[in-house]
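A structural walkthrough
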Amino acid sequence: QVQLVESGGGLVQAGGSLRLSCAASGRTFGIYAMGWFRQAPGKEREFVAAISRGGGNTDYADSVKGRFAISRDNAKNTVYLQMVSLKPEDAAVYYCAAVRTWKTNAVADRYEYWGQGTQVTVSS
């Protein structure tokens, strides 16, 4: 069982930056690949970024490539999402998720554990 708690969301102007964190409980964080997803009002939850359990492989949605960076610190049981050059269309609730596999995964249904989400608001 893994519990995930996101933090770092907030209000930022377009062009600004935020860093989201996701802290995981338990001693087995390193066996889980991690992902970030987001959901805006009236829209489906969508994939943002994923990282393999060792951190050596990452994957990004086309809409965030070059602006977002996912990373993890297994010693701290934490995964991060650094977001720069934010756009109004990036506004959403951001969720982190965990799946017990070694590789990255962009499919939400394959994730086993989810956090409660953190709100990101981008003003134009």
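In case you missed it, the structure is sitting above this.
Now for a description of the structure that goes with this document. (Residues numbered from 1 in each chain as written. Predicted model: local features only at pLDDT ≥ 70, side-chain atom pairs only at ≥ 80, totals over all residues. Heavy atoms only, no water.)

Overview of the environment of R100
Structurally, R100 can be placed in the loop between β9 (92-99) and β10 (113-114). Taking relative accessible area as the criterion, R100 reaches 58% and is therefore assigned exposed. Taking the C-alpha atoms as reference points, R100 and Y111, separated by 11 residues in sequence, lie 8.0 Å from one another. Residues contacting R100, with those up to four places away along its chain left out, are I31, Y32 and E112. (Helix = DSSP H or I, 4+ residues; strand = E, 2+ residues; numbered from the N terminus. Buried < 20%, exposed > 50% of the residue type's maximum accessible area, 1.4 Å probe, protein only. Contact = heavy atoms within 4.5 Å.)

Topic: the sheet that holds strand β8 (residues 78-83)
Strands in a sheet are paired, the pairing made by backbone hydrogen bonds, and the direction either parallel or antiparallel. Taken in spatial order, the 4 strands of this open sheet run β1-β3-β8-β7, and their pairing is antiparallel. What marks the edges here is a single partner per strand, and that holds for β1 (4-7) and β7 (68-73). Pairwise comparison of adjacent strand axes, ignoring direction, gives a mean angle of 15 degrees for this sheet. (Pairing = 2+ DSSP bridges. Axes fitted to C-alpha atoms, helices over the stretch in contact; angles between N-to-C directions.)

Considerations on the side chain of T78
Inspection of the secondary structure assignment puts T78 in strand β8. Its relative accessible area of 9% is what places T78 among the buried residues. Within the structure, T78 has its side chain in polar contact with the backbone oxygen of K76 (distance 2.8 Å). Among all residues touching T78, those that are not within four sequence positions of it are S21, C22, A23, F29, S71, R72 and D73. (Polar contact = N/O pair within 3.5 Å; in protein donor to acceptor, adjacent residues only side chain to side chain.)

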